[in-house]
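Chain by chain, the residues:
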Amino acid sequence: MTTIQKDPCYVFGLVLDGEGGAREVVETVETVDANWLHIDYSIDSAEQWLQSRGLDEWVVSTLVRSDTRPRTVVTKTGVLIVLRAINLNPHSDPEDMVSLRIWLEADRIITVRQRRLFSVQDTKLELEQGMGATSVRDVMISIVEKIGDRISAFVDELEEQLEGIEELVEADPNAKIRSEISNNRRKVASVRRFLAPQRDALENLYRHAATSMEIAEANVLREQADRIVRYIEDLDLLRERLLVLQEETMNRMMEQQNSRMYALSIVAVIFLPITFVSGLFGMNVAGLPGTENPQAFGIVSVGMLAVTGLVFVLLMIKRWL
């Protein structure tokens, strides 16, 4: 017999003691009786490994599928749960949400991931410290709660960033701020894309828990579903605020541009008569008046100043200045 630890897809396995603690799987036989098994579905052997654990073909196919959306499927043998969590791995974008697949049975839970998920690691750490879940259902609930906590922290961070951007827009809107607004809109859209179906998945899980789990466990799942609803509403509000902020930034930048163009137009209007006169008398042709009169330059200069003053007065009367 081969040990389950030797398979490349295996991450860890725990046997719960029912008192908040757990021990690592140490059995040498392949059919080990572990309460919690955690594997990496990106490894080619994951599908065969799951099949060897006695899972149905369609369950295995869903657990190792490359792209899935959050959902909950209740069967006679167990519950299939697909969730998304904030990506906190180094050099990764948080909005690039990590997929977690859960197969829950009466006395066994199998979690499947591709990238490391801190919510799973935290739940495992609590068990190692003797302060964790007492049953496989509690393991699932703990993971769901921690996923919700990190989503909450991410939404709060987006709100703080938006408040900072709003202050910058009031001070000096520029192209860099426009880029920040666009990046935040992308983050909001990316996260909300998965939170909407995740809300439905948790609501389906709660409905199942209401008839198959204890009241306290069902209430916790209901609370998690309500949290996701609140986060979706917060993201919708953030999206609207970002849209308004983007329009405000564009309007302010257009106002600045129009103000500069207006100032240049006024300057052009004021100096237009001078430009005309200087261009006219600057022509190198015979017959120009005043070429022999030493007072001609002074007369022309005074005339140009007078015309400029007249244009300036007309602009003041028209209230164009």
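On a predicted model such as this, the values are computed, not experimentally measured, just so you know. (Residues numbered from 1 in each chain as written. Predicted model: local features only at pLDDT ≥ 70, side-chain atom pairs only at ≥ 80, totals over all residues. Heavy atoms only, no water.)

**What to know about the overall build of the chain**
Piece 1. When helices and strands are tallied, the chain shows 7 helices and 7 strands.
Piece 2. Ordered by position from N to C terminus, the α and β elements of the chain give β-β-β-α-α-β-β-β-β-α-α-α-α-α.
Piece 3. What you see for the chain is a C-alpha radius of gyration of 35 Å, clearly larger than the 20 Å of a compact globule of 321 residues, by over 25%.
Piece 4. Counting only C-alpha atoms and orienting by the principal axes, one finds that the chain spans roughly 120 × 40 × 35 Å.
Piece 5. Looking at the chain residue by residue over its 321 residues, the buried ones come to 40%.
Piece 6. If you take every contact in the chain between residues at least 6 apart in sequence, the share linking residues at least 24 apart comes to 65%.
Piece 7. Surface accessibility of the chain: about 17,700 Å² in total, with carbon and sulfur atoms responsible for 55%. (Helix = DSSP H or I, 4+ residues; strand = E, 2+ residues; numbered from the N terminus. Rg over C-alpha atoms; globule rule 2.2 N^0.38 Å. Buried < 20%, exposed > 50% of the residue type's maximum accessible area, 1.4 Å probe, protein only. Contact = heavy atoms within 4.5 Å. Areas by Shrake-Rupley, 256 points an atom, 1.4 Å probe, with all protein chains shown as cover.)

**Considerations on the pairing of strand β5 (residues 79–85)**
Piece 1. Counting buried positions along β5 yields 7 of 7 residues, so the element is predominantly enclosed.
Piece 2. Across the two faces of β5 the burial is the same, with V79, I81, L83 and A85 and L80, V82 and R84 all buried.
Piece 3. In this sheet, β5 lies alongside strand β4 (residues 71–74) in antiparallel orientation, the contact comprising 4 bridges. The residue of β5 that forms the bridge with V74 is V79.
Piece 4. Linking β4 to β5, which pair antiparallel, is a turn of 4 residues. (Pairing = 2+ DSSP bridges.)

**Considerations on the packing of helix α4 (residues 136–171) against helix α6 (residues 215–281)**
Piece 1. Contact geometry for α4 and α6: axes closest at 10 Å, N-to-C directions at 20 degrees. Taken together, α4 and α6 sit at an angle that is classed as roughly parallel. Between α4 and α6 the crossing geometry is left-handed.
Piece 2. Partitioned by chemical class, the residues of the contact of α4 with α6 number 17 nonpolar, 4 polar and 14 charged. (Axes fitted to C-alpha atoms, helices over the stretch in contact; angles between N-to-C directions. Parallel < 35°, antiparallel > 145°, perpendicular 65-115°, else oblique. Left-handed = near helix turned anticlockwise from the far one by under 90°. Nonpolar A, V, L, I, M, F, W, Y, C, P; charged D, E, K, R; others polar.)

**Points about the sheet that holds strand β6 (residues 98–104)**
Piece 1. Strand order in this open sheet of 7 strands is β2-β1-β3-β7-β6-β5-β4, and the pairing throughout is mixed. Either end of the sheet is taken by a strand with one partner, and the two such strands are β2 (22–24) and β4. In this sheet, neighbouring strand axes are inclined to one another by 20 degrees on average, regardless of whether the strands run parallel or antiparallel.
Piece 2. In this structure, strand β1 (residues 10–16) lies alongside strand β3 (residues 36–40), joined through 4 bridges in antiparallel fashion. Across the sheet, the residue bridging to L14 is W36, located in β3.

**Considering the packing of aromatic side chains**
Piece 1. The full count for this structure, using the stated rule, is 1 aromatic pair.
Piece 2. For the pair F12 and W36, a centre-to-centre distance of 5.0 Å together with 85 degrees between the ring planes defines the contact as edge-to-face. Highlighted residues: F12 in strand β1 and W36 in strand β3, separated in sequence by 24 residues.
Piece 3. F12 gets classed as buried once you look at its relative accessible area, which sits at 4%.
Piece 4. Its guanidinium or amino end placed over the ring of W49, R53 lies 4.6 Å from that ring's centre, counting from NZ or CZ.
Piece 5. The ring of Y41 carries R101 above its face, with NZ or CZ at 4.1 Å from the centroid. (Phe/Tyr/Trp six-rings, centres within 6.5 Å; stacked < 30°, edge-to-face > 60°. Lys NZ or Arg CZ within 6 Å of the ring centre and 35° of its normal.)

**Re the packing of α6 against helix α7 (residues 296–317)**
Piece 1. Running from amino to carboxyl end, α6 crosses α7 at an angle of 155 degrees, the nearest separation of the two axes being 9 Å. When the axes of α6 and α7 are compared, the pair comes out roughly antiparallel. For the element pair α6 and α7, the recorded crossing hand is right-handed. Contacts between α6 and α7 involve I266, V269, I270, P273, I274, V277 and F281 on the former and, on the latter, V300, M304, V307, T308, V311, F312 and L315.
Piece 2. Split into classes, the residues belonging to the contact of α6 with α7 amount to 13 nonpolar, 1 polar and no charged.

**Considerations on the pattern of salt bridges**
Piece 1. Under the counting rule described, the total for this entry stands at 16 salt bridges.
Piece 2. The partner of K124 in a salt bridge is E128, with the nearest N and O atoms 2.4 Å apart. Here K124 pairs with E128, and both are found in helix α3 (residues 118–128), just 4 residues apart, close to one helical turn.
Piece 3. By relative accessible area, K124 is classed as buried at 12%.
Piece 4. We classify E128 as partly exposed; its relative accessible area is 44%.
Piece 5. Between E217 and R137 there is a salt bridge whose closest N-O contact spans 2.9 Å. Here the residue E217 occupies a position in helix α6, and R137 occupies one in helix α4, the gap between them amounting to 80 residues.
Piece 6. Accessibility expressed as a relative area gives 8% for E217, which makes it buried.
Piece 7. Exposure remark for R137: the relative accessible area of 25% places this residue in the partly exposed category. (Salt bridge = Lys/Arg side-chain N within 4 Å of Asp/Glu carboxyl O.)

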